[in-house]
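Observations on the three-dimensional arrangement
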Amino acid sequence: MPVYNFKTLKPVPTAPELIDIVLMRTQRRTPTVIHPGYKIQRIRAFYMRKIKFTQQTISERLSQILTEFPRLNDIHPFYADLCNTLYDRDHYKLALGQINTARSLVDQIARDMIRMVKYGDSLYRCKCLKRAALGRMCTVLKRQKASLSYLEEVRKHMSRLPALDPNTRTILMCGLPNVGKSSFMNKITRGNVDVQPYAFTTKSLFVGHCDYKYLRWQVIDTPGILDHPLEERNTIEMQAIIALAHLQCSVLYFIDVSEQCGYTIEQQCSLFRSIMPLFANKQLIIAINKIDVQPWEMVESDKREMIERLADGSNCTIMQMSNISEQGVSEIKATACDKLLESRVDARISGKKVDTIMNRLQVFTPALRDSVTREAFIPESVVEAREHGWESKTRSRIGYAMTKDDDVDDELMTAADAIKTARDEMWENGGPGVWAPDYRVQYDLKHPEWRFDAIPEIMDGKNISDYIDPDIMLKLDQLEQEEEQLVAELDAARMGEEPESDLDSEEEAAVYAIRSRKAKIKDLKLVNQTQNKPMMPLAIRGRTKDMHDIGRLEPGAIKKKMESLGVDATAMIERGRSRERLDRGRKRERSLVKALEDSVADSMDTDDVPDGASKGTLKKVKKASASERNRSVSQARSHSRPREPSQMGLKDKESAEVAKKLDRLGRSAWKGSSGEGDQRKAVHLVKWMNTGKKRNGTHYCR
């Protein structure tokens, strides 16, 4: 599996798209209704939530970009240098740094504006602060337009990079353009690299995979390299240089001896010598390609010696191949894989970790038991088959998918001495669904010839059907009904018995005591819940009391009931008696006060009314006296309300009136009227529509 897979990077939105995403998400995910009648704390919290949610959304989006894009200092040096070559390391880091700075600025703006909203004294001011905060955040995002666009282009290109593993077994091909690297890759892998008869058909790294010795191998095709200084090489050539510099692999350097690639052998050898430092600590094979056009023996001797000198003094092997005739292709692949495996094993053995593994390994060599030579044993049937040539025959493929190896004339189906399988017989007799195998062949009887005998009707002088009971199902039903009846009778017999218990007498007594105590606690809990709020029991609610019957609410009955529950009811009964005496005193007092008031009112009415007054005057006098009497009674009853402003902590009556007005305004709830934060569109006359000369006709809009 590849270590780095840049195809999972999510798209980077542009600055306008990011602003739309943030504002729409804020509008959808936060409340949208606020009124000036709400408390100021609620208004502040409403707008603070919008600012904070916007800041969190922007921070999440920018943090996702910073997290998904790889850090060049943390990834493999191969990918770090590849990104430096393709995207410019400085530009890449600068773009990510600007995104990080924008995130910090948005967080700082949100903190400052939230601090200001905390001291907002009205809905209008809080709303203006919210608009300012969101506007400043969007301005910061607008300034990141270039960085976001650059990162999106980088993401698109990185998603097209090959997903290769820098640490796995790798075969890397290099050389001048058009020497046969891509053709060789198409031969040994399932890759489909474009091959054309001109230079630089391959402009980037291509990755393929092949199997060798039950292992998966990674094959990399690199673009062509030209022979000039490193600083003059372009981006396409630098990809091959980076792969050679950072990957531990087996290198195949291709040389076109036919010179059809457009470069002479001297130029190809010169390129080999210029990039030789990159071959250090690598397994190198020089592949002499296109020997079908120019055989290796027909190459000039001086050129051949020049190529052979390249392999001197290094771990290098010269091999010949041709992509057209496929000569030497498999040999070069096997040699490259073997050399790389050997080098990887040597590297692990020379490391420090191998000691702990070698201490746990033991190799045993078996000793000879005796001096007898034991040859290989071949069964006689196999020897006979070889003599008659049967081992060369193939099995019938009728019924299988046709391949290029199938022959129309199936000789094995007509061979008399061939063993036919059930599948062969099935296709001979009509195919699936028409023919079915005879399973009697698999019967295991005392004599095999009995397998295909018909089942007799008479055996040992007796009819087999006599031993078959036709009423066996009816008898089975009767047995089941009888069993159900017995079970029902047993349950009925056990109905009156007490269930058996595993507890002894002491344990049963303890369980009974616990249950009794639990019921008493439950009753006490109900009593404690209603001791301050006496309630009429449901048993006697709505009944008429009999004077000769001692009711359930009599003190004696209450005391007896409470003592049965374990509660001392003395204090409760005494408290009820005191309340009853108090109620009686209050009733008598109210009746006396009312009688006195009536007498005073009558005397006042008779004194204030002049002689010979009319009925209207008498009615007014009575009404005034009644209102005065009611006012005095209501003031006397309100013991908790202070009568003077000084008792309420106020200076005079004017201050008391102001306090009452403020209290009344504070108690009034918002009734849906418009406030200072709402838009007002009053109905008014537009000047340009209603001034000037008017003609006959409509005056709706001029």
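It should be emphasised that the depicted structure is a prediction, and the values quoted were computed from it without experimental measurement.

Let us now look at the overall build of the protein chain. Looking only at helices and strands, the protein chain has 21 helices and eight strands in total. When the 702 residues of the protein chain are sorted by exposure, 27% land in the buried category. A separation threshold of at least 6 residues defines the contact pool for the protein chain, and within that pool the share at least 24 residues apart is 67%. About 51300 Å² of surface is accessible on the protein chain, with carbon and sulfur atoms providing 53% of the total.

Turning our attention to the packing of aromatic side chains. Taken as a whole and judged by the stated rule, the model has nine aromatic pairs. The interplanar angle of 70° and the centroid separation of 5.0 Å between the aromatic rings of Tyr-253 and Phe-272 together place this pair among those described as edge-to-face. Within this pair, whereas Tyr-253 is found in strand β4 (residues 250-256), its partner Phe-272 is found in helix α9 (residues 265-274), the two being separated by 19 residues in sequence. Both residues of the pair, Tyr-253 and Phe-272, belong to the buried class. Residue placement shows Arg-42 over the ring face of Tyr-38; its charged tip is 3.8 Å from the ring centre.

Okay, the pattern of salt bridges next. Pairing is possible between side chains of opposite charge, provided their charged atoms come close. Applying the stated rule across the entire model yields 13 salt bridges. Residue Glu-237 is joined to Arg-233 by a salt bridge in which the shortest nitrogen-to-oxygen separation is 4.0 Å. As far as the burial class goes, Glu-237 and Arg-233 line up, both buried. Notably, a salt bridge pairs Lys-303 with Glu-259, separated by 3.2 Å at the nearest N-O pair. Here Lys-303 is found in helix α10 (residues 301-310), whereas its partner Glu-259 is found in the loop between β4 and α9, with 44 residues between them in sequence. A relative accessible area of 28% means that Glu-259 is categorised as partly exposed.

On to a negative patch on the surface, then. Residues Glu-266, Glu-300, Asp-302, Glu-305, Glu-308 and Asp-312 make up a contiguous surface patch of negative charge. Residue contributions to the negative patch peak at three residues, all from α10. Among the structural elements, Glu-308 can be located in helix α10. Using a relative accessible area of 38% as the deciding quantity, one classes Glu-308 as partly exposed.

On to unusual backbone geometry, then. Leaving glycine out, the prevailing phi sign among residues is negative, and the prevailing peptide bond configuration is trans. If you check the backbone angles, Tyr-214 has positive phi at about 60° while not being a glycine. Although it is not a glycine, Glu-326 sits at a positive phi angle of roughly 60°.

Across its 12 residues, helix α8 (residues 235-246) extends 17 Å between first and last C-alpha, which sits within 8% of the 16 Å expected from 1.5 Å per residue. Three or more residues of α8 are buried, namely Glu-237, Met-238, Gln-239, Ala-240, Ile-241, Ile-242, Ala-243 and Leu-244. At its buried positions, α8 is contacted by α3 (77-87), β1 (170-174) and β4. Its side-chain oxygen placed 3.3 Å from the backbone nitrogen of Ile-236, Asn-234 serves as the N-cap of α8.

This next bit is on the pairing of strand β3 (residues 215-221). The buried count for β3 comes to five of seven residues, which makes it a mostly enclosed element. Sheet topology note: the β1/β3 ladder contains four bridges and is parallel. Residue pairing in the sheet places Thr-170 in a bridge with Gln-218 of β3. The pairing of strand β2 (residues 206-212) with β3 spans seven bridges and is classified as antiparallel. Paired with Gly-208 across the strands is Val-219, a residue of β3. With antiparallel pairing between neighbouring strands as the criterion, β2 and β3 make up a hairpin whose turn holds two residues, including Lys-213 at a positive phi of roughly 55°.

Further remarks concern the sheet that holds β1. Strands belonging to one sheet form pairs held by backbone hydrogen bonds; the direction of such a pair is parallel or antiparallel. Read across the open sheet, the six strands follow the order β2-β3-β1-β4-β5-β6; overall the sheet is mixed. Of all the strands in the sheet, just β2 and β6 (316-320) have a single pairing partner and so form its edges. Across the sheet, the axes of successive neighbouring strands diverge by a mean angle of 25°, strand direction being ignored. Across the sheet, α9 touches β4 and β5 (283-289), and the angle it forms with β4 is around 160°.

Along the chain, Asp-424 turns up in helix α14 (residues 422-428). In this structure Asp-424 comes out as buried when scored by relative accessible area, which is 8%. Among the polar contacts listed, one links the side chain of Asp-424 to the side chain of Thr-421, at a separation of 3.1 Å.

Soluble globular proteins tend to pack their nonpolar side chains together in the buried interior. In terms of nonpolar packing, the biggest core is built from 110 residues, with Ile-51, Phe-78, Phe-184, Leu-252, Tyr-253 and Phe-279 touching the most fellow members. If sequence neighbours within four positions are ignored, Phe-279 has contacts with Cys-174, Leu-244, Val-251, Tyr-253, Phe-272 and Leu-284.

The next subject is the packing of α3 against helix α6 (residues 145-159). Between two packed helices, both the angle of their axes relative to each other and the distance between the axes serve to describe the pair. Contact geometry for α3 and α6: axes closest at 12 Å, N-to-C directions at 125°. Here α6 runs oblique to α3, going by the angle between their axes. Crossing angle aside, the handedness with which α3 passes α6 is right-handed. When α3 is examined against α6, the residues Cys-83, Leu-86 and Tyr-87 are found in contact with a partner set consisting of Tyr-150, Val-154, His-157 and Met-158. Here the residues of the contact of α3 with α6 sort into six nonpolar, one polar and no charged.

Next up on the list: the confidence of the model for the protein chain. In the predicted model, the protein chain carries a mean pLDDT of 80, and 78% of its residues have values of at least 70. For the stretch residues 399-404, pLDDT sits under 50, and the model shows five contacts to residues farther than four places along the chain or on other chains.

Each value, and the rule that gives it
- Residues numbered from 1 in each chain as written.
- Predicted model: local features only at pLDDT ≥ 70, side-chain atom pairs only at ≥ 80, totals over all residues.
- Heavy atoms only, no water.
- Helix = DSSP H or I, 4+ residues; strand = E, 2+ residues; numbered from the N terminus.
- Buried < 20%, exposed > 50% of the residue type's maximum accessible area, 1.4 Å probe, protein only.
- Contact = heavy atoms within 4.5 Å.
- Areas by Shrake-Rupley, 256 points an atom, 1.4 Å probe, with all protein chains shown as cover.
- Phe/Tyr/Trp six-rings, centres within 6.5 Å; stacked < 30°, edge-to-face > 60°.
- Lys NZ or Arg CZ within 6 Å of the ring centre and 35° of its normal.
- Salt bridge = Lys/Arg side-chain N within 4 Å of Asp/Glu carboxyl O.
- Patch = residues over 30% accessible without salt bridge, like charges linked within 9 Å, V, L, I, M, F, W, Y side chains within 5 Å.
- Lys, Arg positive; Asp, Glu negative; His and termini not counted.
- Charge placed at Lys NZ, Arg CZ, Asp CG, Glu CD.
- Expected span 1.5 Å × (residues − 1).
- Polar contact = N/O pair within 3.5 Å; in protein donor to acceptor, adjacent residues only side chain to side chain.
- Pairing = 2+ DSSP bridges.
- Axes fitted to C-alpha atoms, helices over the stretch in contact; angles between N-to-C directions.
- Core = buried A, V, L, I, M, F, W, Y, C linked by side-chain atoms within 4.5 Å.
- Parallel < 35°, antiparallel > 145°, perpendicular 65-115°, else oblique.
- Left-handed = near helix turned anticlockwise from the far one by under 90°.
- Nonpolar A, V, L, I, M, F, W, Y, C, P; charged D, E, K, R; others polar.
- pLDDT = per-residue confidence, 0-100.

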